[in-house]
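Listed here are the chains, written in short residue letters.
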Amino acid sequence: PKIPGLSTNDSCGKFTIPSLQMLHNLLKKGKNWIVNEVRCSPTEIFLQVLCRFTPIENDCILIDTFIQPRVIFQNSLPISILIKVNQGFLYPTAITIPDKAVKDESHEISPLGTVEIFSSVSDVCMDIKCSEI
């Protein structure tokens, strides 16, 4: 995700893909995925990076990676709600990642709408209230 005020090169994080031998050992045990928690500097936001691996021909392994937020929050109420996350960034869920995150301000979520929350802490605190009708 893009964070306002930072260029693409300003925020980065790293994770290590296991060795080919380790991936083969995991596949033998029936496990075909691992999750890494990655700290992005200098924003101090943590992302969950899911690596899914699939054996293909000639002892090769196909590795798919997915970036996951700390929390995906869905409004299951029949009315809109306002949500504020004190230590994190909200991204309205869409097919493409929006250019702008919402930080330290309320965001309205319509019924069945979702937001992705990226945070620098493992516990995410949210203030939620019903929108005015």
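Scroll up for the structure.
**Looking at the side chain of N36**
Note on placement: N36 falls in strand β1 (residues 33-40). Using a relative accessible area of 19% as the deciding quantity, one classes N36 as buried. When sequence neighbours within four positions are dropped, the list of residues in contact with N36 reads F15, T16, L47, Q48, V49 and C51.

**A few points about the pairing of strand β5 (residues 81-85)**
Side-chain positions along a regular strand alternate between the two faces of the sheet. A one-sided burial pattern is seen for β5, the buried positions being I81, I83 and V85 and the unburied ones L82 and K84. Relative to strand β7 (residues 107-109), β5 runs antiparallel, the two being bridged by three bridges. Directly across from L82, in β7, lies its bridge partner E108. Bridging between β5 and strand β9 (residues 126-130) involves five bridges; their strand directions are antiparallel. Across the sheet, the residue bridging to I81 is C130, located in β9.

**So, the pattern of salt bridges**
In total, this model carries one salt bridge according to the counting rule given. With its nearest N and O atoms 3.4 Å apart, the salt bridge here joins R52 to D64. Residue R52 is found in strand β2 (residues 45-55), and its partner D64 is found in strand β3 (residues 61-68); the two are separated by 12 residues along the sequence.

Here is what the cut-offs are and how they apply
- Position numbers for residues start from 1 in each chain and track the written sequence from start to end.
- Restriction of local features to residues with pLDDT of at least 70 applies here, the model being predicted, together with a cutoff of 80 or more for giving and counting side-chain atom pairs; totals for whole chains, interfaces and linings are based on all residues.
- Note that water and hydrogens are dropped before the side-chain values are worked out from all heavy atoms of the structure.
- The helix count covers DSSP runs of H or I at least four residues long, the strand count covers runs of E at least two residues long, and both are numbered beginning at the N terminus.
- Only protein chains enter the accessibility calculation, which uses a 1.4 Å probe. A residue is then buried if its area is under 20% of the maximum for its type, exposed if over 50%, and partly exposed in between.
- Contacts: residue pairs with any heavy atoms within 4.5 Å of one another.
- Strand pairing is defined by DSSP finding a minimum of two bridges between the two strands.
- Any carboxyl oxygen of Asp or Glu within 4 Å of a side-chain nitrogen of Lys or Arg constitutes a salt bridge here.

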